[in-house]
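# Fold and contact review
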Amino acid sequence: MKTFCILSAFALVGTCATTKYSTKIQDLKNSIQLVDSILVAKYTNTITSQELKTHLYEFSSGDYQGRKTGEVGQKLAAKFLKTYYQNETIASPMGDSIYYQTIPKSFFPKNIKSSENVLAYIKGTEKPDEIIIISAHLDHLGISKNGKINYGADDDGSGTVAIMEMAQAFNEAKKDGFGPKRSILFLHLTAEELGKLGSEYYTQHPVFPLENTIVDLNIDMIGRVDKTHEENRNYLYLIGSNRLSNELHYLSEKVNNTYANIDLDYRYNAIDDRNQYYTRSDHYNFAKHGVPVIFYFNGEHADYHRETDTPDKIDYKLLEKRTKLIFATAWQLANQENRIKVDANM
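What comes next concerns the included structure. Note that the structure is a prediction, hence the values are computed from the model and not measured.

### What about the overall build of the protein?
Within the protein one finds nine helices and eight strands. Seen through its C-alpha atoms, the protein measures out along the principal axes to roughly 80 × 50 × 45 Å. Within the span of the protein, comprising 346 residues, buried residues form 54% of the whole. Partitioning the intrachain contacts of the protein with sequence separation of at least 6 by distance along the chain shows that 81% fall at a separation of at least 24.

### Remarks on the packing of helix 3 (residues 49-59) against helix 5 (residues 153-175)
Packing of helix 3 against helix 5 brings their axes to within 9 Å, and their N-to-C directions diverge by 130°. Between helix 3 and helix 5, the crossing angle belongs to the class labelled oblique. Crossing of helix 3 over helix 5 shows right-handed handedness. On helix 5, the residues that touch Glu51, Leu52, His55, Leu56 and Phe59 of helix 3 are Ala153, Gly157, Ser158, Thr160, Val161, Ala162, Met164, Glu165 and Gln168.

### Some points on the pairing of strand 3 (residues 127-137)
Here strand 3 lies mainly inside the structure; eight of its 11 residues are buried. Pairing geometry for strand 3 and strand 4 (residues 182-189), over eight bridges, is parallel. When the bridges of strand 4 are listed, Ile134 appears paired with Phe186. For the crossover from strand 3 across helix 5 to strand 4, the handedness is right-handed. By the bridge criterion, five bridges tie strand 3 to strand 5 (residues 213-219) in an arrangement that is parallel. Directly across from Ile131, in strand 5, lies its bridge partner Thr213.

### Thoughts on the environment of Ser115
Position of Ser115 relative to the elements: it lies in strand 2 (residues 115-122). Taking the C-alpha atoms as reference points, Ser115 and Leu189, 74 residues apart in sequence, are found 9.8 Å from one another. Setting aside residues up to four positions removed in sequence, Ser115 forms contacts with Thr69, Gly70, Gln74, Lys75, Gln101, Thr102, Ile103, Phe108 and Thr190. Within polar-contact distance, the side chain of Ser115 engages the side chain of Gln74 at 2.7 Å.

### A word on the sheet that holds strand 7 (residues 263-265)
The strand order across the open sheet built from eight strands is 1-2-4-3-5-8-6-7, with neighbouring strands paired in mixed fashion. Each edge of the sheet is formed by a strand with only one pairing partner; in this case those strands are strand 1 (100-103) and strand 7. Here the strands of the sheet are splayed against their neighbours by 25° on average, with no regard to which way each runs. Strand direction decides the pairing type here: strand 1 and strand 2, joined by four bridges, are antiparallel. Directly across from Thr102, in strand 2, lies its bridge partner Glu116. Against the sheet, helix 4 (residues 72-87) makes contact with strand 1, strand 2 and strand 4, and its axis sits at roughly 15° relative to strand 2, the strand it touches most.

### A short note on the environment of His283
Tracing the backbone through its elements, the reader meets His283 in helix 8 (residues 283-287). With sequence-adjacent residues up to four places away left out, His283 is seen in contact with Asp216, Asn218, Tyr277, Tyr278, Val293 and Phe295.

### A few points about the side chain of Asn335
With respect to the secondary-structure elements, Asn335 resides in helix 9 (residues 316-335). Note on Asn335: relative accessible area 5%, which makes it buried. Within polar-contact distance, the side chain of Asn335 engages the backbone nitrogen of Lys181 at 3.1 Å.

### A few points about helix 7 (residues 246-260)
Its 15 residues give helix 7 an end-to-end C-alpha distance of 20 Å, which sits within 8% of 21 Å, the value for a rise of 1.5 Å per residue. Where helix 7 is concerned, the buried positions are Asn246, Glu247, Leu248, His249, Tyr250, Leu251, Ser252, Val255, Asn256 and Ala260.

### A closer look at the nonpolar core
Formed by 65 residues in total, the largest nonpolar core has its most connected members in Tyr85, Ile134, Met166, Phe170, Phe186, Ile219 and Tyr296. Of all hydrophobic cores here, the second largest spans 26 residues; its members include Phe208, Leu210, Tyr268 and Tyr277.

### Re the pattern of salt bridges
What the rule picks out here adds up to 13 salt bridges. Asp303 is the partner of Arg224 in a salt bridge, and the nearest nitrogen-oxygen pair spans 2.7 Å. Here Arg224, found in the loop between strand 5 and strand 6 (235-239), pairs with Asp303, found in the loop between strand 8 (293-297) and helix 9; they are 79 residues apart in sequence, far enough to count as distant. Grouping residues by exposure puts Arg224 and Asp303 together as buried. For Glu320, the salt bridge goes to Lys324, with nearest N and O atoms at 2.9 Å. Taken together, the positions of Glu320 and Lys324, both in helix 9 and four residues apart, correspond to about one turn of that helix.

Definitions and limits used
- Residues numbered from 1 in each chain as written.
- Predicted model: local features only at pLDDT ≥ 70, side-chain atom pairs only at ≥ 80, totals over all residues.
- Heavy atoms only, no water.
- Helix = DSSP H or I, 4+ residues; strand = E, 2+ residues; numbered from the N terminus.
- Buried < 20%, exposed > 50% of the residue type's maximum accessible area, 1.4 Å probe, protein only.
- Contact = heavy atoms within 4.5 Å.
- Axes fitted to C-alpha atoms, helices over the stretch in contact; angles between N-to-C directions.
- Parallel < 35°, antiparallel > 145°, perpendicular 65-115°, else oblique.
- Left-handed = near helix turned anticlockwise from the far one by under 90°.
- Pairing = 2+ DSSP bridges.
- Right-handed = clockwise from strand over helix to strand, strands pointing away.
- Polar contact = N/O pair within 3.5 Å; in protein donor to acceptor, adjacent residues only side chain to side chain.
- Expected span 1.5 Å × (residues − 1).
- Core = buried A, V, L, I, M, F, W, Y, C linked by side-chain atoms within 4.5 Å.
- Salt bridge = Lys/Arg side-chain N within 4 Å of Asp/Glu carboxyl O.

Geometric values such as these leave the question of function open.
Have a look at this one:
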């Protein structure tokens, strides 16, 4: 009888703890109030599949020779991005025409030349010291030994052009008097294919203090469909959204349910996932410093890291829809009253 009473007491405590946690989560969900729904709808509509397609056919063309870190093609890709931001009158955070964060040859493995991250920036109107980062890597694998170009249309041309379109949309809002309350850094990272070295360099030499960086929304391959989802293309893998901030996770879901209705697939966010995608793209270098992250990913496909990853295979309407979701998420993060909280137990 005594044992039964003790077990019953433990069960009661467990039930109370579960109820308390559920209440806490529900209160968190209820506290997330979406802002500026009319403006979000207006400026998401400036993101179009045709513009994404135009940018991607250029960025993943043979002219860029597969964008291998430090090589001529990657330098041309960086110049393409710099010219785009200058033409859109989107500033550099480093002043004037300095859009490059140069990474010296000494930072890289042997035989890799110096390279550069490309940065553009819209200053916040009310809380400019708080930074939203939207990132994607601009590099790829270059030319194979057989002389064929690795075009890298999905990896990560898709993420690159998504950032370009989002930057343009935020800038249009700014011109109309609706600039973001927090600052937004559009961060095109080099040397991801060498082991996330561009983001490692940025987090070691941040342009803005990492303690003021409230989130990194990292995009790496969002233009295709993997084998698992051939019958349901309206999906996107999200990785890391709840690892450091439950608020970020539930905010992301609320934005999606309101604006996009994409099936968000979290299978690769599992701690024991054998692929360990959480550690394999640039967001991870921010997460290691306590910055909440979301990694947006369509999964691997038959053309992953092959010369056949070409722009004609991209689903541009799907790329548009996914880009719009990320834009709406960034808008909420940039404009809600309070910065998202990092969980206390992290």
